[in-house]
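# Structural description and commentary
Next come the chains, spelled out residue by residue.
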Amino acid sequence: MLGDTSLGDRAGDGRGRRALVLVENLSVPFDRRVWQECTTLRDAGWEVHVICPRGEKRDTEPEAVIDGVRIHRYPLRAATGGPAGYLREYGSALWHTARLARKVGPVDVVHACNPPDLLFLPALWLKRRGARFVFDQHDLVPELYLSRFDRGQDLLYRAVCALERRTYRAADVVLATNESYRDVALRRGGKRPEDVFVVRSAPAVDRFQPVPPEPELKRGKPHLLCYLGVMGPQDGVDYALRALAKLRDEFGRTDWHAVFVGAGDAFDAMVELSGRLGLSEQVQFTGRIPDADLVRYLSTADVCLSPDPHNPLNDVSTMNKVLEYMAMGRPIVSFDLREARVSAGDAAVYAPANDEAEFAGLIALLLDDPERRAQMGKTGQERISGPLSWRNSQASLLAAYAAACRDQAPVSAGGPNRAGRRPRS
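Residue indices follow the written sequence of each chain, beginning from 1 at its first position. Predicted model: local features are reported for residues with pLDDT of at least 70 only, side-chain atom pairs are reported and counted for 80 or more only, and whole-chain, interface and lining totals are derived from all residues. Excluded from the side-chain calculation are hydrogens and water; included are all heavy atoms of the structure.

This part covers the overall build of the chain. Counting secondary structure elements, the chain contains 15 helices and 14 strands. Radius of gyration: C-alpha atoms only; globule rule: 2.2 Å multiplied by the number of residues to the exponent 0.38. For the chain, the C-alpha radius of gyration of 22 Å lies close to 22 Å, the compact-globule estimate for 425 residues. Its C-alpha atoms give the chain principal-axis dimensions of roughly 75 × 50 × 40 Å. Throughout this description, buried means an accessible area under 20% of the type-specific maximum (1.4 Å probe, protein chains only), exposed means over 50%, and partly exposed covers the range between. Here the chain holds 425 residues, and the buried ones make up 58% of them. Strands here are runs of E lasting at least two residues and helices are runs of H or I lasting at least four, both read from the DSSP assignment and numbered beginning at the N terminus.

Written as structure tokens, this is what we have:
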């Protein structure tokens, strides 16, 4: 609990301090990791501001104060049409971020979350006005580029590597989501070990509380399979669908219904692929749904799917859906990825990388073994409430802020002009 004053005294006590969190990829509080960080800082005494894009169906207000966190949102059209579309998106995001940062005024810490690795530009402007820069590395953008676009190490790849280097160089402290990302910050980013902190993402446990299963969600079948998450080109929904076709055709299993929860820029293509594979009667796509409905599906699921294929990004990334499945006590089938094993351990079974037939075989294996499913679910919940709990990441986040602010007086000292620069000392 953050009511433990000794924790606040030791690490990141924010009394009299202001933090500005910059996000481009998602709206807040929809971005669960960012929201957990904001509320942790708030509880430690920080005055927290967030600049982020507006959502399409939620988080639509231009400005809001939610649970004591002040959120400033700007309109942003997501990229379409290749690199030119991303240039338009990122250029608009940077302009709005700079505009709103001027409105917020001086801060002690600017906390920039990637992707993209461009928010070091407004962060540098704030650093020149006395702020410390915390870089929260949600994704390895060079690996994301290789995995998403399949263009190889071309000119754009070299450009994103250069932006990552500039971001590392500008950052006073780096937050890494796991040990693999921390290693990159040390090795590729040249950061000192004492300036890189592992702040793992963790599911909001109050959001993921199992409820009694609802057999009608299985659509008359004995078993329910569930996928939860983003549906982008690198997320492996196509692998899951081909594995389900093999489960039907090669293993003779039709005793299941599958539900895919989530959305993304590959959503329409995945619905079309499901039809081409003849799965339309057994596979249901819900799009994004309210939390209550999500919990109903996960509470009823017999097996959950994590079909992210092996690629440069996925192998070293922590998948939020894996943690959420574990919080709900669900057994998982995953491809064999380095960080998937770190997160799930014995709460998952692992098919060789990108092997759809083996993935299907492991689904069949678990469907036939309810005792093993129950034990795997229990293991996952124990890991989420123990070594992977947000409590551990809270302590690391506050320690990172304490390190960033060492030998720095709060901007509130001397009564800063909230609309402009701090007074000269």
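This paragraph deals with the pattern of salt bridges. One speaks of a salt bridge when a side-chain nitrogen belonging to Lys or Arg is within 4 Å of a carboxyl oxygen belonging to Asp or Glu. What the rule picks out here adds up to 36 salt bridges. A salt bridge links Lys103 to Glu63, with the shortest nitrogen-to-oxygen separation between them at 2.6 Å. Here Lys103, found in helix 3 (residues 83-104), pairs with Glu63, found in strand 3 (residues 63-66); they are 40 residues apart in sequence, far enough to count as distant. As a salt-bridge pair, Arg253 and Asp368 come within 3.0 Å of each other at their nearest N and O atoms. Within this pair, whereas Arg253 is found in the loop between helix 8 (237-249) and strand 10 (256-261), its partner Asp368 is found in the loop between helix 13 (356-367) and helix 14 (370-385), the two being separated by 115 residues in sequence. Taken together, the salt bridges that share partners define one network made up of Arg32, Arg207, Asp291 and Glu324.

A separate point is the side chain of Gln137. Residue placement: Gln137 occurs in strand 6 (residues 132-137). Judged by its relative accessible area of 0%, Gln137 falls in the buried class. Sequence-distant contacts of Gln137, defined by excluding residues within four places in its chain, comprise Asn114, Glu164, Tyr168, Val174, Leu175, Thr177 and Tyr181. Only heavy atoms matter for contacts: two residues are in contact if any of them lie within 4.5 Å across the pair.

DSSP bridges decide pairing: two strands pair if at least two such bridges lie between them. Read across the open sheet, the 6 strands follow the order 11-10-9-12-13-14; overall the sheet is parallel. Of all strands in the sheet, those with a lone pairing partner are strand 11 (283-287) and strand 14 (348-351), marking the two edges. On average, each strand axis in the sheet is tilted by 25° relative to the strand beside it, whichever way the strands run. For strand 9 (residues 223-228) and strand 12 (residues 303-306), the ladder comprises 2 bridges, and the chain directions are parallel. Opposite Cys226, over in strand 12, you have Cys304 as the bridge partner. Note on method: axes are straight lines fitted to C-alpha atoms, helices fitted across the in-contact stretch only, with angles between N-to-C directions ranging 0 to 180 degrees. Docked against the sheet, helix 8 engages strand 9, strand 10, strand 11, strand 12 and strand 13 (332-335), running at close to 175° with respect to strand 10.

Moving on, we come to the nonpolar core. Of all hydrophobic cores here, the largest spans 64 residues; its most connected members are Leu244 and Phe260. Excluding its chain neighbours within four sequence positions, the residues that come into contact with Leu244 are Leu225, Trp256, Ala258, Phe260, Leu279, Val283 and Ile363. We call a set of buried residues a nonpolar core when its members are Ala, Val, Leu, Ile, Met, Phe, Trp, Tyr or Cys and they connect through side-chain atoms within 4.5 Å of each other. In terms of nonpolar packing, the next biggest core, distinct from the first, is built from 34 residues, Leu100, Val107, Val174 and Tyr181 among them.

Pairing is mixed in the open sheet, where 8 strands are placed in the order 3-4-2-1-5-6-7-8. Looking along the sheet, the strands with just one partner apiece sit at the ends: strand 3 and strand 8 (196-198). In this sheet, neighbouring strand axes are inclined to one another by 20° on average, regardless of whether the strands run parallel or antiparallel. Judged from the 4 bridges that link them, strand 6 and strand 7 (residues 173-176) form a sheet pairing that is parallel.

A pair of cysteine sulfur atoms is labelled a disulfide when the two atoms are within 2.5 Å. Per the counting criterion, the structure on display carries 0 disulfides. The thiol sulfur of Cys113 is not disulfide-bonded, and the nearest other cysteine sulfur, from Cys38, lies at 7.8 Å. Overall, Cys113 belongs to the buried group, its relative accessible area being 2%. Looking at the unpaired Cys304, the closest cysteine sulfur is the one in Cys226, lying at 5.0 Å.

Turning to helix 8, a few remarks are in order. To estimate the expected span of a helix, count its residues, drop one, and scale the result by 1.5 Å. If you check helix 8, its first and last C-alpha atoms are 18 Å apart, about what 13 residues at 1.5 Å a residue would give, namely 18 Å. Counting buried positions along helix 8 yields 10 of 13 residues, so the element is predominantly enclosed. Of the residues making up helix 8, those classed as buried are Val237, Asp238, Tyr239, Ala240, Leu241, Ala243, Leu244, Ala245, Leu247 and Arg248.

Turning our eyes to something else, we now look at the environment of Tyr239. If you trace the backbone, Tyr239 turns up in helix 8. With 131 residues separating them along the chain, Tyr239 and Pro370 place their C-alpha atoms 25 Å apart. Dropping the residues within four chain positions of it, Tyr239 is found in contact with Pro307, Pro309, Phe335, Asn354 and Glu356.

A few words on helix 15 (residues 390-404). Counted at 1.5 Å a residue, the expected span for helix 15 with its 15 residues is 21 Å, and the 21 Å between its end C-alpha atoms agrees. Residues of helix 15 that are buried: Trp390, Ser393, Gln394, Ser396, Leu397, Leu398, Ala400, Tyr401, Ala403 and Ala404.

What follows deals with the packing of aromatic side chains. The rule is short: rings of Phe, Tyr and Trp, with Trp giving its six-membered ring, pair when the centres are within 6.5 Å, and they are stacked under 30 degrees, edge-to-face over 60, tilted in between. Under the defined criterion, the tally for this structure stands at 11 aromatic pairs. Arranged with centres 6.4 Å apart and planes meeting at 40°, the rings of Tyr145 and Tyr157 form a pair that is tilted. Placement of Tyr145 in helix 5 (residues 141-149) and of Tyr157 in helix 6 (residues 155-170) is noted, with a sequence separation of 12 residues between them. Each ring, one from Tyr239 and one from Phe335, has its centre 5.9 Å from the other, and the planes form 80°; the classification is edge-to-face. Taken together, the residues span a long stretch of sequence, with Tyr239 in helix 8 and Phe335 in strand 13 at a distance of 96 residues. What makes Phe335 buried here is its relative accessible area of 0%. Here the aromatic cluster, defined as three or more aromatic residues joined through ring pairs, consists of Tyr86, Tyr90, Tyr145, Phe149 and Tyr157. Only when the NZ of Lys or the CZ of Arg is both within 6 Å of the ring centre and within 35 degrees of the ring normal is a charge said to sit over the ring. Seen from the ring of Tyr239, Arg242 lies directly overhead, with NZ or CZ sitting 5.0 Å from the centre. Across from the ring centre of Tyr350, 4.2 Å away, lies the NZ or CZ of Arg341, which sits over that ring.

Next up on the list: the environment of Tyr297. Its place among the elements puts Tyr297 in helix 10 (residues 291-300). Residue class for Tyr297 comes out buried when judged on its relative accessible area of 10%. C-alpha separation for the pair Tyr297 and Asp150, spaced 147 residues apart in sequence, amounts to 34 Å. Not counting the four nearest positions on each side in its chain, Tyr297 is found in contact with Leu217, Leu224, Cys226, Val259, Gln284, Thr286 and Ile289. Engagement of the side chain of Tyr297 in a polar contact is seen with the side chain of Gln284, the distance being 3.2 Å. Two N or O atoms count as a polar contact when they lie within 3.5 Å, although within protein this holds only if one can serve as hydrogen donor and the other as acceptor, and sequence-adjacent residues are included solely when both atoms are side-chain atoms.

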